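Okay, here's what each chain looks like letter by letter:
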Amino acid sequence: MIKRTLCFTSPAYLSLKDRQMVIRLPEAEKAGVPEALKREAVRTIPVEDIGVAVLDNRRITVTHGLLEALLENNCAVVTCDGRGMPVGLMLPLCGNTVQSERFRDQISASIPLKKQLWQQTVKAKIDNQAEVLAECAGAETGCMRRWSADVRSGDADNLEARAAAYYWKSLFAGVPVPGPFTRDREGAPPNNLLNYGYAILRAVVARSLVSSGLLPTLGIHHHNRYNAYCLADDVMEPYRPYVDRLVHGIAVEMRGNVPADLTKELKMRLLGIPVIDVKIGGKRSPLMVAATQTTASLYKCFTGEARRIAYPDLRL
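Now for a description of the structure that goes with this document. (Residues numbered from 1 in each chain as written. Predicted model: local features only at pLDDT ≥ 70, side-chain atom pairs only at ≥ 80, totals over all residues. Heavy atoms only, no water.)

1. Topic: the nonpolar core
Considering soluble globular proteins, one finds that nonpolar side chains tend to be buried as a cluster.
Piece 1. Val54, Met144, Trp168, Tyr196 and Leu298 are the most contacted members of the largest nonpolar core, which totals 79 residues.
Piece 2. A per-element tally of this core places helix H7 (residues 191-211) first, with twelve residues.
Piece 3. When near neighbours in sequence (up to four residues on either side) are disregarded, Tyr196 contacts Cys7, Val54, Asp56, Gly84, Met85, Pro86, Leu262, Lys267, Leu270 and Leu271.
Piece 4. Within the second largest apolar cluster, 17 residues are counted, among which are Ala12, Leu14, Ala53 and Ile60. (Core = buried A, V, L, I, M, F, W, Y, C linked by side-chain atoms within 4.5 Å. Buried < 20%, exposed > 50% of the residue type's maximum accessible area, 1.4 Å probe, protein only. Helix = DSSP H or I, 4+ residues; strand = E, 2+ residues; numbered from the N terminus. Contact = heavy atoms within 4.5 Å.)

2. Regarding the pattern of salt bridges
Piece 1. Taken as a whole and judged by the stated rule, the model has 14 salt bridges.
Piece 2. The salt bridge partner of Asp127 is Arg145, with a shortest N-O separation of 3.8 Å. Taken together, the residues span a long stretch of sequence, with Asp127 in helix H4 (residues 111-137) and Arg145 in helix H5 (residues 142-150) at a distance of 18 residues.
Piece 3. Exposure remark for Asp127: the relative accessible area of 15% places this residue in the buried category. (Salt bridge = Lys/Arg side-chain N within 4 Å of Asp/Glu carboxyl O.)

3. Structural notes on the environment of Thr9
Piece 1. With respect to the helices and strands, the residue Thr9 is situated in the loop between strand E1 (4-8) and strand E2 (12-17).
Piece 2. Note on Thr9: relative accessible area 22%, which makes it partly exposed.

4. Description of a nonpolar patch on the surface
Piece 1. Together, Ile2, Val275 and Val289 line one region of the surface with nonpolar side chains, adding up to about 220 Å² of accessible area.
Piece 2. Mapped onto the fold, Ile2 is located in the segment before E1. (Patch = residues over 30% accessible without salt bridge, like charges linked within 9 Å, V, L, I, M, F, W, Y side chains within 5 Å. Areas by Shrake-Rupley, 256 points an atom, 1.4 Å probe, with all protein chains shown as cover.)

5. Considering the packing of aromatic side chains
Piece 1. Overall, the coordinates contain five aromatic pairs when judged by the stated rule.
Piece 2. On the basis of an interplanar angle of 40° and a centroid distance of 6.4 Å, the ring pair of Tyr239 and Tyr242 is categorised as tilted. Accessibility assignment for this pair places Tyr239 and Tyr242 in one class, buried.
Piece 3. Grouping aromatic residues by their ring pairs yields a cluster made of Tyr167, Trp168, Phe172 and Phe181.
Piece 4. Arg102 extends its terminal NZ or CZ atom over the ring of Tyr299, reaching a point 4.0 Å from the ring centre. (Phe/Tyr/Trp six-rings, centres within 6.5 Å; stacked < 30°, edge-to-face > 60°. Lys NZ or Arg CZ within 6 Å of the ring centre and 35° of its normal.)

6. Brief notes about the sheet that holds strand E3 (residues 20-24)
Piece 1. Strand order in this open sheet of four strands is E4-E3-E2-E6, and the pairing throughout is mixed. Either end of the sheet is taken by a strand with one partner, and the two such strands are strand E4 (42-46) and strand E6 (60-62). Mean inter-strand twist for the sheet, computed between neighbouring axes without regard to direction, equals 20°.
Piece 2. In this sheet, E3 lies alongside E2 in antiparallel orientation, the contact comprising five bridges. (Pairing = 2+ DSSP bridges. Axes fitted to C-alpha atoms, helices over the stretch in contact; angles between N-to-C directions.)

Function cannot be inferred from these measures alone, as they are strictly geometric.
The following block contains the structure:
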């Protein structure tokens, strides 16, 4: 079943009753509001249907009972700052019945294996970037194909960075964004769209890793000591082009006039990332389902049951 992604951008009281998330709007509880409107202002959603919950307002109150139920059902809870940008991610400590065994398999993975897995990851990312460039920008992608074919174990030649430089220089070349586009977390729009989209993608991938019994902190390539989600940042790389394609489409529609502060409507479009249609092994599925396939295959690589990670492929 496809899990729902919920985003709360207005003040709300969120609680738990009979395994249902109860949503109450404080404005409807003021004195003088008709009882009929008060009842209509209360909604319930089964906790088991929720995959990602985004809290995007400082006047949201969440009960501990609801948080407990969300985490028990492997829901990723994302918190946002005053600008509405994601800053925190809460995941369950235990998402699989044999988690300690899977942790041991992950931790004991050899360096050569990790390098081979990173090689696969980089190749899949560059291939998907090439497809997005061809589809969205009509750019020449022959160099991207060569770089993908030349990626060695561990990406010893750092072809990921070379491909990224060409990719970002070309992707928004035909969109009238302010000045030449540079990918920078603190840069001008549409960097803010990319940041928001990647945060949602990261939450989805981290949730899938936990459900597969893997430790999101221990990456196969990323290893920043301050990053609690190194493995999520590794696995999401081939999925990033799906976000890029969505953001490019939005930027084209807005003729490059992306606001610095994202509107509710723009956030709603980006919150559709978990249900983007992706293809793995010739079969299509929503991104959230595909991410679980990817993380499950990664665990099999750690145990020796499989040799390849099941990554999405943008090629038709």
